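Listed below are the residues making up each chain.
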Amino acid sequence: MTGLMAFASSLPQGADYIRILPEIVLSLFGMVVMVLDPLLDEEASQKILGAIALVGTLAGIAATWYMSQFPGLAFWNMVQVDGFSVFFHVLVIAIAAVIILISYEYMAVQKIRAGEYYALILFGVVGMALMTSAIELVLIFIALEISSISSYVLAGLRRNDASSSESSLKYFLLGSFATAFFLYGVALMFGATGSTNIVVIGQRLQEAPATLLVYVAVALMFVGLGFKVAAAPFHIWTPDVYEGAPAPIVGFMSTAPKAAAFAVLLRVVFEINAPGGFWLIWVSAALSMTLGNIGALVQNNVKRLLAYSSIAHAGYLLVAFAAAPVLGVSAAMFYTAAYAAMNVGAFAVVSHFANAGERYVTLQDYEGLGRSSPLLAATFTIFLLSLIGIPMTGGFFAKFYVFSAAVKANLIWLTIIGVLNSGVGAYYYLRIIVVMYMREPQRQAPVTPVPLGLGFALATSFVATLYLGLFPGRVLHYAQDSAQQLVLQTAPSPLPSSPIVSGAPET
Amino acid sequence: MSTDNLSSVILTLVTFAPLAGGLLLMLLPRRDRDIRVFSLVVSLLTFVLSLHLPVYFHREHTQFHYEINRQWISSPNIHYHMGIDGFSLWLVVLTTFLTPLCVLISWKSVHERVKEFFILLLILETALIGVFTSLDLFLFYFFWEATLIPMALLIGVFGHERKVYAAVKFFMYTMIASVFMLAAILWLYAHTGTFDFVTIRDRITSGGVPNFPAAAQWLFLGFFLAFAVKVPLFPFHTWLPDAHVEAPTAGSVLLAGVLLKMGTYGMLRFNLGLFPEQSRSNAPWIMILALIGIIYGALVAMVQPNMKKLIAYSSVSHLGFVVLGIFSFTQAGLNGAMFVMLAHGISTGALFMLAGILHERRHTYEISEFGGLASPMPVYAASYLFIVLASVGLPLLNGFIGEFLVLSGAFQDRAIYGVLAATGVIWSAIYLLWMYQRVFFGKVTHPVNNSVADLVGFEKAAIWPCAAAALVMGVAPILWLNAINPAVQAALAPFAQMASRMVGQ
């Protein structure tokens, strides 16, 4: 009888479900989309399913707000709701919402069947959201797989295009390798510390000196996560995959799963205090910035160019990881948000402009856009200036916070590499602006009027980019507060250090 | 509104009036004439507003005037801190003075995308004024970078044949150099917790910045590199001729007139203000670079077949005088440097306008395409001569005062510097007068030039104010210098202390 009572009391409470409410809501909407898809004819499904998915993301954001009222642990310490996870929940779900708005027009133009597309985006977001709140490495792995598998399929959705299939297959093969590395790292970490809970691992490592096994585990986990964020030297897949995948999906892949993977990396680096992590990150940051920028210099395809630029931006972001905890974490959080705003915006323009079959994606196609479609060109220019890091845009403050955190941590060389790189990086973004405004078109690529949904998506990214550039205070404060909480958790905390390795309830 | 109330917001008004005008311009319909008139009104209004600054400027006290200091962002600690002293006062007025003239000179020459052109011009004016009025390092960097985009677009969209190359080169050169300044600013912030110029300066003076002695040389270089490229100091000058030759006339005028002064202003304000000891110890090689710039710039100018390139290289030479004056650390040298900055802004600005007028009529800058222009265009020739004489430093015109002061400062520092720099005055007379002779005297060599029209109304309205300013500045330099001198003395105070310390040892 008492055994039964104990079992009953160990069952998840209501609050536990609230702490994964956004994931539940998004999964439900994803299922509804799946179920409705075969019932609707193609014409209707384009509109209705997209609308349902959009409502789903908005409901997800509302659920996140509700969840944020119940901070704490859930499901036997596997999930943690804190400022940090709320921040990333809102970020990835908002990215998905904007991407769905962009896809509305894109799907119609490219003639892609809608059903699984929207469902996959929603399921992918479930995985990414879970990644940011999970503090149990095995759960993180499962969430990572959920998000990755949706991305693999989404990358291949332009079925009648060979480059899209190539993109999907390449992403899948390399991605599975990378997740395998991650899993291997988790296994070794478990062997070394006897736990897969991040907080417990952090405490164990504080108590005992790190063994070789720990170093190997950290390195392997970094390989897996480095692949997901496209950090050098695990970045080789990025340009090919981004070139072939549907443009809105590239906007999605380059921001949301990256943000989620960075969130995991932040927890691993700053909560576990991963030994040896510093130099891994230092080298990877320097390499990513340099290789990304140099690679982008010679690109002629805008999607490939932005792919290399995303490698470079992963490098800038990693600089923050090498810095001191609170400043570094908050700078990284701000950077992911700013990067999401500007990059999603840039891809919104690219996917609108690409036209049927993604015919217009080279630099030459953008010639004269400043004249034929001044508003679209001006919006794109703002996103590009933000990617350069020009004042008054979110990208400027993002770089600024990262580098000032680095200087504060005395990482002078990394800062110099970084600022030099951002100088070099200016060149290729500038090329796009030059082409749009200063070149006469050789052949006029057709510019269709911007439909309502896309206009809304563009306006959202535009406002977010400028808001972060002019009034960064609120977002930064929020990031700093949650960074503070996150770092405090590493200090000896009242969390029970009982074995929760198998995820079994304590009895 | 009483003057006290106005004084507290005047800098904000002057800085952002052009931007507000530019934003309003976006809403106007594309009727070119209305747009031109509106831009002229906005820029004249800004000029009139900016006249408040010298009128209510207290000549005797050395503090910053018209200060405004509000928090902009709490973390990092960024303030909207503006204020001017004798260094920045006249540079602000120079900017507001030149902009309406730029509008006038572009009246006819810009006939495509007129709206965009004037929007960019007005945004550029705000950014330029902001550079001179900011007292918060972050705000300063903000405006500093903000000048890049409108200028690069003015060159790249409205320029001549190789405009794209020139625009990208200009952008990349100055952008890459200024990220070093950003790194130095970030270091200062990390070690003082503030971006406020005055606070940082006081903390450095009182020795309250940890690790400062070890880093000071690098910080000095970080700032200096950004400024040296902007000036441009030899050997960082290669972007300048390209940018000037390809830029539209108004772009050249603001580029030579104001943008280059951002660099020398930055040296005065930040290199001397924050790092006096490093300024002193680095002065020898900087002065040698300045001397090379003076002589090399002049020699290269002499052999240019292209009128605009000639004027561009003459800027390299003149700005060498400014740097020489600044790093002589003498009262005469600094006063002279400031005065050369103003005089060069006016006379070189006018020279670029004159070259632009010729280009509009003949679509070329090649000196060999002209000759004997004095007979078909007498008013133009007379105006040109006046400005050339001002530029070569004829006494009673503005060029003379500044160069004289710089030279006497350089002599005080080391006689050989003065001697070498003095040759620069001779060179400038040679290349400018020789160019003048080839273009205007003799017979008309190309028949087309017989029918070239003389100056018309709005061109006179653009040139003659410059000529008048050149004359007044040459006759009564004290009107300018009595505001500059207190700032010079304040800037030199730490050097006097250093000298007395060295004597004491």
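Being a predicted model, the structure only gives us computed values, none of them experimental.

*Asks:* Sorry, what's going on with the overall build of chain A here?
*Replies:* Helix and strand counts for chain A stand at 22 helices and two strands. Each principal axis of the C-alpha distribution contributes one length, and for chain A these read about 80 × 60 × 40 Å. In chain A, which comprises 507 residues, the proportion classed as buried is 62%. Pairs at least 24 residues apart make up 81% of the contacts formed inside chain A by residues separated by at least 6 positions.

*Asks:* Looking at this structure, how should I read the overall build of chain B?
*Replies:* Counting its secondary structure elements, chain B contains 20 helices and two strands. Radius of gyration (C-alpha) of chain B: 22 Å, near the 23 Å computed for a compact globule of 505 residues. C-alpha extents for chain B along the principal axes are approximately 70 × 55 × 45 Å.

*Asks:* What's the story with the nonpolar core in this structure? I'm lost.
*Replies:* Formed by 402 residues in total, the largest nonpolar core has its most connected members in V92 and F334 of chain A. Not counting chain neighbours up to four residues away, the residues in contact with F334 of chain A comprise F397, A398, Y401, V475, L476 and A479 of chain A.

*Asks:* What is the right way to read the interface of chain B and chain A from this model?
*Replies:* You'll often see interface size given as the accessible area lost when the parts meet. Facing the 26 residues of chain B at the interface are 24 residues of chain A. Take the side of chain B that touches chain A: its biggest share by element is 15 residues, from helix α8 (residues 163-192) of chain B. Tallied by class, the residues present in the side of chain B that touches chain A amount to 21 nonpolar, three polar and two charged.

*Asks:* I'm lost on the confidence of the model for chain A in this one. Help?
*Replies:* On average, chain A scores 86 in pLDDT, and the residues at 70 or more come to 94%. Considering only residues more than four positions removed or in separate chains, one finds that residues 492-507 of chain A, a stretch of pLDDT under 50, has 21 contacts.

*Asks:* Would you mind going over helix α17 (residues 398-413) of chain B with me for this structure?
*Replies:* Residue pairs spaced three or four apart in an α-helix point in one direction, given the helix's 3.6 residues per turn. Residues and elements named next belong to chain B. Its 16 residues place the ends of α17 24 Å apart at the C-alpha level, agreeing with the 22 Å of an ideal helix rising 1.5 Å per residue. Burial within α17 is extensive, with 12 of its 16 residues counted as buried. All of the buried residues along α17 are N398, G399, F400, I401, G402, E403, L405, V406, L407, G409, A410 and D413. Where α17 is buried, its residues touch α14 (307-326), α15 (331-362), α16 (378-392), α18 (415-440) and α19 (457-475).

*Asks:* How should I be thinking about unusual backbone geometry in this particular structure?
*Replies:* With glycine set apart, most residues show a phi of negative sign, and most peptide bonds adopt trans. The omega angle of the peptide bond from A232 of chain A to P233 of chain A is 5°, so this bond is cis rather than trans. Position of P233 of chain A among the secondary structure elements: in the loop between α10 (212-228) and α11 (237-244). Look at the link from V231 of chain B to P232 of chain B: it is a cis peptide, with omega at -10°. Counting through the fold element by element, P232 of chain B comes out in the loop between α10 (212-230) and α11 (239-246).

*Asks:* Is there a simple way to think about helix α22 (residues 473-488) of chain A in this case?
*Replies:* For α22 of chain A, spanning 16 residues, the distance from its first C-alpha to its last is 22 Å, which sits close to the expected 22 Å at 1.5 Å a residue. Among all positions in α22 of chain A, only V475, L476, A479, Q480, S482, A483 and L486 of chain A are buried.

*Asks:* Sorry if this is basic, but what is going on with the packing of helix α6 (residues 115-133) of chain A against helix α7 (residues 137-155) of chain A here?
*Replies:* For any two helices packed against each other, the geometry is given by the interaxial angle and the distance between the axes. Residues and elements named next belong to chain A. Interhelical geometry of α6 versus α7 gives an angle of 155° and a closest axis separation of 8 Å. The angle between α6 and α7 places the two elements in the roughly antiparallel class. In this structure, α6 meets α7 at a crossing whose hand is left-handed. For the pair formed by α6 and α7, the contact residues are L120, F123, G124, V126, G127, M128, L130 and M131 on the first element and I140, A143, L144, I146, S147, S150, S151, V153 and L154 on the second. Along the lines of polarity and charge, the residues of the contact of α6 with α7 split into 12 nonpolar, five polar and no charged.

*Asks:* Quick question: what am I supposed to make of the packing of α17 of chain B against α19 of chain B here?
*Replies:* Residue and element names in this part refer to chain B. Closest axis-to-axis distance for the α17/α19 pair is 6 Å, and the angle between their directions is 45°. By the angle between their directions, the pair α17 and α19 is classed as oblique. Residues N398, F400 and I401 of α17 pack against A470, M473 and G474 of α19. Tallied by class, residues from the contact of α17 with α19 come to four nonpolar, two polar and no charged.

*Asks:* Looking at this model, I keep getting lost on the confidence of the model for chain B. Mind explaining?
*Replies:* Close reading of the predicted structure is inappropriate where its pLDDT is low. On average, chain B scores 87 in pLDDT, and the residues at 70 or more come to 98%. Complex prediction metrics read pTM 0.82 and ipTM 0.72.

*Asks:* Could you clarify how one ought to interpret the environment of S254 of chain A in this entry?
*Replies:* All names here are of chain A. For S254, the position within the fold is in the loop between α12 (247-253) and α13 (256-271). The buried category is assigned to S254, around which 30 C-beta atoms lie within 10 Å. Taking the C-alpha atoms as reference, S254 lies 24 Å from Y478; in sequence the two are 224 residues apart. Setting aside residues no more than four positions away along its own chain, S254 makes contact with Y242, S310 and N343.

*Asks:* Where do I start with the environment of G273 of chain B in this structure?
*Replies:* Residues and elements named next belong to chain B. Secondary-structure assignment places G273 in helix α12 (residues 249-274). With 22 C-beta atoms packed within 10 Å, G273 lands in the buried category. G273 sits 75 residues away from V198 along the chain, and the two C-alpha atoms are 9.3 Å apart. Setting aside its immediate chain neighbours within four residues, G273 contacts R201 and A491.

So, how was this worked out
- Residues numbered from 1 in each chain as written.
- Chains lettered and ligands numbered in written order.
- Predicted model: local features only at pLDDT ≥ 70, side-chain atom pairs only at ≥ 80, totals over all residues.
- Helix = DSSP H or I, 4+ residues; strand = E, 2+ residues; numbered from the N terminus.
- Buried ≥ 20, exposed ≤ 12 C-beta atoms within 10 Å, placed from the backbone.
- Contact = placed C-beta atoms within 7 Å.
- Rg over C-alpha atoms; globule rule 2.2 N^0.38 Å.
- Core = buried A, V, L, I, M, F, W, Y, C linked by C-beta atoms within 7 Å.
- Nonpolar A, V, L, I, M, F, W, Y, C, P; charged D, E, K, R; others polar.
- pLDDT = per-residue confidence, 0-100.
- Expected span 1.5 Å × (residues − 1).
- Axes fitted to C-alpha atoms, helices over the stretch in contact; angles between N-to-C directions.
- Parallel < 35°, antiparallel > 145°, perpendicular 65-115°, else oblique.
- Left-handed = near helix turned anticlockwise from the far one by under 90°.

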